[in-house]
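Structural characterization, general
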Amino acid sequence: MTSVATLTAETAARQPLPRRFVMCRPDYFEVTYSINPWMNPDEPVDRSLAIDQWETLRATYEEHGHKVDVVPGVPGLPDMVFAANGGLVVGDRAMSARFTHTERAAEGPAYHQWFAQHGLAGLVDAKELNEGEGDFLLVGDRMLAGMGFRSSLAAHEEVAQHFSRPVISLELVDPRFYHLDTVLLPLDAATIAYFPPAFSAASQAVLTELFPNAIVATDADAEVLGLNGVSDGFNVFLSDKATSLHAELRARGYNPVGIDMSELLKAGGSVKCCTLEIH
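All figures in this text were calculated on a predicted structure; none of them were measured in a lab.

1. Things to note about the overall build of the protein chain
- On a plain count of helices and strands, the protein chain comes out with 7 helices and 15 strands.
- In terms of overall size, the protein chain behaves like a compact globule, its C-alpha atoms giving a radius of gyration of 17 Å where 279 residues would be expected to give roughly 19 Å.
- Over its C-alpha atoms, taken along the principal directions, the protein chain stretches across nearly 55 × 40 × 35 Å.
- Residues counted as buried form 53% of the 279 residues belonging to the protein chain.

Next up, the structure:
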């Protein structure tokens, strides 16, 4: 266990690092089908409000010194706003996604085309079921990888080989949290916040061993997708409703930046879902 003195020193040294993000404006956002427990086609969606919330998130990133590239949306692909699922970009390698549900299948080629047009090197399309940064999160040199609902275990090996880095497989067990990025938030190269009950007992043990000083989220924070956030090493962009997590972040020397993503939450997405990072 890291000492209090060490944690205090780490807290004092936290600095934001400029990031490059990819986002897709929700011009075609709607909920017309249900492929996760959050989606109810009978509940009205205010697209104008969704666009306003998305624009606020993009502006907030830019105000904090981050670059945002925007992928054009495609009519008939209402979930394309959730750019994190579009693929993985790490160093000199990129991989576009292969979606589990037919409703989202065309998003993979759409993101692949954008990656290719923008010169991302080492680009391949996933052969195994792989929903991008929804289930693959880079923490330091390791890739944490979710399985159980969307991305397959075979995709973990495919990602390990293509990106030449270790992949740690983690089993998700709660259908509300169908992607890893809904219950695990990388804060810096050595620290995460997460919600243990969303993982199998074996995966909880792995996370406890790897990240003994992790921030543990409450049920209330998990239920508003508070862990579906983005950190630049100091500023943590996340739902404004995750109030307990905000307090924990402040106590550990991070700066929580609350964003209202309530309209996009109707499709099961929040800050991270809307944000693909080019590492």
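2. Quick look at empty space enclosed by the protein
- This structure, assessed with the given rule, holds 2 cavities of 30 Å³ or more.
- Looking at the largest cavity, its volume works out to about 70 Å³.
- As for the largest cavity, its lining consists of Ile35, Asn36, Asp79, Phe82, Asn85, Arg104, Arg150, Tyr178, His179, Ala267, Gly268 and Cys273.
- Split into classes, the residues belonging to the lining of the largest cavity amount to 5 nonpolar, 4 polar and 3 charged.
- One number sums up the size of the second largest cavity: a volume of about 40 Å³.
- Surrounding the second largest cavity, Cys24, Arg25, Pro26, Asp27, Tyr28, Phe29, Gly73, Val74, Leu77, Pro78, Met80 and Val81 form its lining.

3. Examining the pattern of salt bridges
- What the rule picks out here adds up to 18 salt bridges.
- With its nearest N and O atoms 2.6 Å apart, the salt bridge here joins Arg20 to Asp69. Taken together, the residues Arg20 in strand β1 (residues 20-23) and Asp69 in strand β2 (residues 67-70) connect sequence positions 49 residues apart.
- A residue is classified by how much of its surface remains accessible, and Asp69, at 12% relative accessible area, is buried.
- The partner of Glu263 in a salt bridge is Lys266, with the nearest N and O atoms 2.8 Å apart. Lys266 matches Glu263 in its accessibility class, with the two residues each being buried.
- Members of the salt-bridge network, linked through shared partners, are Arg25, Asp27, Glu55 and Arg58.

4. Describing the packing of aromatic side chains
- For the structure on display, the rule yields 7 aromatic pairs.
- An angle of 75° between the planes, with centres 5.8 Å apart, marks the rings of Phe177 and Phe195 as edge-to-face. With a gap of 18 residues between them, Phe177 in the loop between β8 (167-171) and β9 (184-186) and Phe195 in the loop between β10 (192-194) and α5 (201-210) connect regions that are remote in the sequence.
- The exposure class of Phe177 is buried, given its relative accessible area of 0%.
- The buried category is assigned to Phe195, whose relative accessible area is 4%.
- Members of the aromatic cluster, connected to one another through ring pairs, are Phe21, Tyr61 and Phe237.

5. Observations regarding the pairing of β8
- Across 5 bridges, strand β7 (residues 142-147) lies against β8 in parallel orientation. Its bridge partner being in β8, Met143 is matched across the sheet by Val167.
- Note that the unit made of β7, helix α4 (residues 153-163) and β8 has a crossover that is right-handed.

6. So, the environment of Ala193
- By the element assignment, Ala193 lies in strand β10.
- Overall, Ala193 belongs to the buried group, its relative accessible area being 0%.
- On a C-alpha basis, the gap between Ala193 and Val216 in space is 5.7 Å, while along the polypeptide they are 23 residues apart.
- Here Ala193 is in contact with Val183, Leu184, Leu185, Leu187, Ile215, Leu227 and Leu245, once residues within four sequence places are set aside.

7. A closer look at unusual backbone geometry
- Phi is positive for Ser164, close to 50°, though the residue is something other than glycine.
- Mapped onto the fold, Ser164 is located in the loop between α4 and β8.
- For Ser164, a relative accessible area of 60% corresponds to the exposed category.
- Positive phi, close to 55°, is recorded for Leu225, a residue that is not glycine.

8. Some points on the sheet that holds β1
- Strand order in the open sheet formed by 3 strands is β2-β1-β15, and the pairing between neighbours is mixed. Two strands in the sheet have a free side with no partner beyond their single neighbour: β2 and β15 (276-277).
- With 2 bridges joining them, β1 and β15 adopt antiparallel strand pairing. Bridged to Phe21 within β15 is Glu277.

Conventions and cut-offs
Residues numbered from 1 in each chain as written. Predicted model: local features only at pLDDT ≥ 70, side-chain atom pairs only at ≥ 80, totals over all residues. Heavy atoms only, no water. Helix = DSSP H or I, 4+ residues; strand = E, 2+ residues; numbered from the N terminus. Rg over C-alpha atoms; globule rule 2.2 N^0.38 Å. Buried < 20%, exposed > 50% of the residue type's maximum accessible area, 1.4 Å probe, protein only. 1 Å grid on protein atoms, 1.4 Å probe; cavity = no way out; pocket = protein on both sides within 12 Å on 5 of 7 lines; lining within 4 Å. Points joined across faces, edges and corners; volume = space filled by probe spheres on them. Nonpolar A, V, L, I, M, F, W, Y, C, P; charged D, E, K, R; others polar. Salt bridge = Lys/Arg side-chain N within 4 Å of Asp/Glu carboxyl O. Phe/Tyr/Trp six-rings, centres within 6.5 Å; stacked < 30°, edge-to-face > 60°. Pairing = 2+ DSSP bridges. Right-handed = clockwise from strand over helix to strand, strands pointing away. Contact = heavy atoms within 4.5 Å.

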